[in-house]
Amino acid sequence: MKKILVIHGPNLQLLGSREPQVYGTLALKDINSQLKLLAAKNKVSLSIVQSNHEGEICDLIGSAKNKFAGILINPAAYTHTSVAVRDAIAGCGVPCVEVHLSNIYTREAFRQKSLISPVVKGTILGFGAKSYYLGLLALLDLL
Ligand code: DQA
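Only a predicted model underlies this, so the values are computations on that prediction, with no experimental measurement involved.

## Some thoughts on the pairing of strand 4 (residues 96-100)
Working step 1: Within strand 4, five of the five residues are buried, leaving the element largely enclosed by the surrounding structure.
Working step 2: Between strand 3 (residues 70-74) and its parallel partner strand 4, the chain crosses via helix 4 (residues 83-91), and the hand of that crossover is right-handed.
Working step 3: Pairing analysis gives four bridges linking strand 4 to strand 5 (residues 122-125), with the strands arranged parallel. The residue bridging H100 from the neighbouring strand is L125, located in strand 5.

In structure tokens:
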């Protein structure tokens, strides 16, 4: 069975209570449960990690080859700042799909640039929690 690595970046552990007008009211555990159901329906397994630490995210991405068929990532604030996460994705040899709950291109100027988008297969954003479900389906379609 194919395995997919799901990475939730910084502050996403707060989903549900964090700026619900922007990110919705679903908690991270609810999104993860839905992702697991979708994965089971599609006969793949998920390993899901949330991390607030840039280096840990780089370590996860860098060791994904030969363990995971693909990576689904919401890099959160590191989207806009992290050359390190970008380089990890560019060099990891595993196809990645980037997702965001919000449409970053309609928000503050500092969010309107993703360092990650140029090195992923594709990006899905603006659909709330559904961005994750659509992102997983898009990733599976690639594999
Ligand atoms: C986010 C958008 C980022 O700008 C922000 O820093 C996040 C969440 C999203 O899913 O909409 O933490 O990645």
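Now that the structure is up, let's keep going.
## Topic: the sheet that holds strand 1 (residues 2-8)
Working step 1: The strand order across the open sheet built from five strands is 2-1-3-4-5, with neighbouring strands paired in parallel fashion. Pairing within the sheet leaves two strands with one partner each, and these edge strands are strand 2 (44-50) and strand 5. Each strand axis lies, on average, 20 degrees off the axis of its neighbour in the sheet, ignoring direction.
Working step 2: Across five bridges, the pairing between strand 1 and strand 3 is parallel. Residue pairing across strands places H8 opposite N74, the latter belonging to strand 3.
Working step 3: The strands touched by helix 2 (residues 28-41) are strand 1, strand 2 and strand 3; relative to strand 2, the strand with the most contacts, the crossing angle is about 160 degrees.

## Observations concerning helix 5 (residues 130-142)
Working step 1: Here helix 5 spans 18 Å end to end across 13 residues, near enough to the 18 Å set by a 1.5 Å rise per residue.
Working step 2: For helix 5, the set of buried residues is S131, Y132, Y133, G135, L136, L139 and L140.
Working step 3: Buried residues belonging to helix 5 abut strand 1, helix 2, strand 2, strand 3, strand 4 and strand 5.

## Here we look at unusual backbone geometry
Working step 1: One non-glycine residue, K43, lies in the positive phi region at around 55 degrees.
Working step 2: Here K43 shows up in the loop between helix 2 and strand 2.
Working step 3: You can call K43 exposed: its relative accessible area is 62%.
Working step 4: Located in the positive-phi region is A76, a residue other than glycine, with phi close to 50 degrees.

## Brief notes about the pattern of salt bridges
Any two side chains of opposite charge can pair, on the condition that their charged atoms come close.
Working step 1: Scanning all chains against the criterion turns up four salt bridges.
Working step 2: In this structure, K29 and D30 form a salt bridge, with 3.7 Å as the shortest nitrogen-oxygen distance.
Working step 3: D30 sits in the partly exposed class, given a relative accessible area of 29%.
Working step 4: R107 is the partner of E108 in a salt bridge, and the nearest nitrogen-oxygen pair spans 3.7 Å.
Working step 5: Classification of E108 as partly exposed rests on a relative accessible area of 35%.
Working step 6: According to the relative accessible area criterion, R107 is buried, its value standing at 16%.

What counts, and at which threshold
Residues numbered from 1 in each chain as written. Predicted model: local features only at pLDDT ≥ 70, side-chain atom pairs only at ≥ 80, totals over all residues. Heavy atoms only, no water. Buried < 20%, exposed > 50% of the residue type's maximum accessible area, 1.4 Å probe, protein only. Helix = DSSP H or I, 4+ residues; strand = E, 2+ residues; numbered from the N terminus. Right-handed = clockwise from strand over helix to strand, strands pointing away. Pairing = 2+ DSSP bridges. Axes fitted to C-alpha atoms, helices over the stretch in contact; angles between N-to-C directions. Contact = heavy atoms within 4.5 Å. Expected span 1.5 Å × (residues − 1). Salt bridge = Lys/Arg side-chain N within 4 Å of Asp/Glu carboxyl O.

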